[in-house]
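Here is what each chain is made of, one letter per residue.
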Amino acid sequence: MMKILITGCNGFVGKHLVEFCLSQQCEVIGIGRGEGSQEPSDIHDKYTYVKGDFSDVEFVKNLLDHFQPDGLIHLAAQSSVKDSWSDISGTVDVNLSKTVSLYEGIRKSTLANKLKVLSVGSSEEYGYIDQGKMPIRESERLLPVSPYGLSKYLVETVNEYYIRQFGLNILHARPFNHIGPGQSLGFVVPDFSAQIVNIELGKQAPVMNVGNLDAKRDFLDVRDIVRSYFLLLQYGTQGEIYNVCSGISISIRSILDTLVSMSNIKITVNVDPKLIRKIDVPDYYGSNEKIQHELSWTPEFHISTSLADSLNYYREIIKV
């Protein structure tokens, strides 16, 4: 039975990852800063939650020596692109310096030469890519624009250093846009879903004010993403980079039209020029050829299923 340690286990992706790993009969140790969310819905005896700060090197070392996990998936991060612009130094501090502390704890533990680590980055590392270079491949030059993308780019540099200098077994994932049930507000699908639910409940007039609907992005269900992380931890190669994406792009307009069609309320969509960002890239999607070839991973959740599950999630948590 594989034993997996997950940082950031209380986040959107972390909760799904814990559930998936438990469904694969793994033993899971989750690290979080708070008191912890409700335990996974089943197999509780195989899940251990530990409150702690992995910027504490000694804490990490002792944790690893005690639990002796086979693998570690590093999710913990400041993951909001929007928030990163208002707190550049804080974003870099959380995403970079704490990763260094984590690796120092690994290096000083009894698992230094045995533990396999999946570092989770972002497609934001690529930055602006010429439209003629789509789909984006792992070999593309990294020119991050957002502070969040910069922080993840720097994490990759740290990965390379610890592999080269100390032989740590680290590989890196670059996931594209996440969607699915449980995602918090501040992202396009949850924001659309919450507005629709508020309209259905009579809390909002049947009008949605939106920004740029013509931009096209690569959306992937969080449940497909966590399955890829599990496979990467098992079969990915030290030092390698893997895109985690659908390989196709879908317009924001199509996302909104699909969500609106799932409601029995007639909703008017109003494009507000004030909400249109001038920096939007028209089309942005990745190549998943490498992860498909090496791990036989392909997305399983259709976009309509992901959107329906996201909408129903907000129907559950937003009450009259």
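In this report, we go over the structure that sits alongside the text. All residue numbers refer to position in the chain's written sequence, counted from 1. Local features in a predicted model are, by the rule used here, given only for residues with pLDDT of at least 70; side-chain atom pairs are given and counted only at 80 or more, and totals for whole chains, interfaces and linings are based on all residues. Neither water nor hydrogens contribute to the side-chain values; these are computed over all heavy atoms in the structure.

Once that is clear, we can look at the overall build of the protein chain. A tally of regular secondary structure across the protein chain gives ten helices and 14 strands. The quantity called the radius of gyration is restricted to C-alpha atoms. Its globule counterpart is 2.2 Å times the number of residues to the power 0.38. The C-alpha radius of gyration computed for the protein chain amounts to 20 Å, which stays within 12% of the reference 20 Å derived for 320 residues, consistent with globular compactness. Taken along the three principal axes of its C-alpha coordinates, the protein chain extends 60 × 45 × 40 Å. Every one of the 320 residues in the protein chain was classed for burial, and the buried ones make up 51%. Here a residue-residue contact requires only that any non-hydrogen atoms of the pair lie within 4.5 Å. In the protein chain, 77% of the contacts between residues at least 6 apart in sequence involve partners at least 24 apart. Accessibility throughout is a Shrake-Rupley quantity obtained with a 1.4 Å probe, and a residue counts as covered only by protein chains that appear here. Within the structure as shown, the protein chain displays about 14,700 Å² of accessible surface, and the carbon and sulfur contribution to it stands at 50%. The helix and strand labels rest on DSSP assignments: H or I over at least four residues marks a helix, E over at least two residues marks a strand, and numbering proceeds from the N terminus. Note on classification: 1.4 Å probe, protein chains only; a residue is buried when its accessible area is under 20% of the maximum for its type, exposed when over 50%, partly exposed between these limits.

Before going further, it helps to spend a moment on the pairing of strand β6 (residues 169-175). A regular strand carries its side chains on alternate faces of the sheet. Of all seven residues in β6, six are buried; the element is thus mostly enclosed. Of the strand pairs in this sheet, strand β5 (residues 116-120) and β6 are connected by five bridges, and their pairing is parallel. Pairing of Leu118 across the sheet is with Leu171, part of β6. Here a crossover is taken to be right-handed if, once the strands point away from the viewer, the path from the first strand over the helix to the second is traced clockwise. At this point the chain moves from β5, through helix α5 (residues 147-166), to the parallel β6, and the crossover so formed is right-handed. Any two strands between which DSSP finds at least two bridges are classified as paired. Strand direction decides the pairing type here: β6 and strand β11 (residues 241-244), joined by four bridges, are parallel. Bridged to Pro175 within β11 is Val244.

Now for the sheet that holds β11. As summarised here, the arrangement of the seven strands in space is β3-β2-β1-β4-β5-β6-β11, forming an open sheet in which the pairing is parallel. Each end of this open sheet is capped by a strand with a single partner; those strands are β3 (47-51) and β11. The sheet shows a mean angle of 20 degrees between the axes of neighbouring strands, direction not considered. Relative to β5, strand β4 (residues 71-74) runs parallel, the two being bridged by four bridges. The residue bridging Leu72 from the neighbouring strand is Val117, located in β5. Helix-sheet contacts for helix α2 (residues 57-67) involve β1 (3-7), β2 (27-32), β3 and β4, and the interaxial angle to β3 is about 160 degrees. Helix α7 (residues 222-235) rests against β1, β4, β5, β6 and β11 of the sheet, and its axis sits at about 145 degrees to β5. For helices, the fitted axis covers only the stretch in contact; all axes are lines through C-alpha atoms, and the angles between them, taken along N-to-C directions, range from 0 to 180 degrees.

Read these as geometric descriptors, not functional statements.
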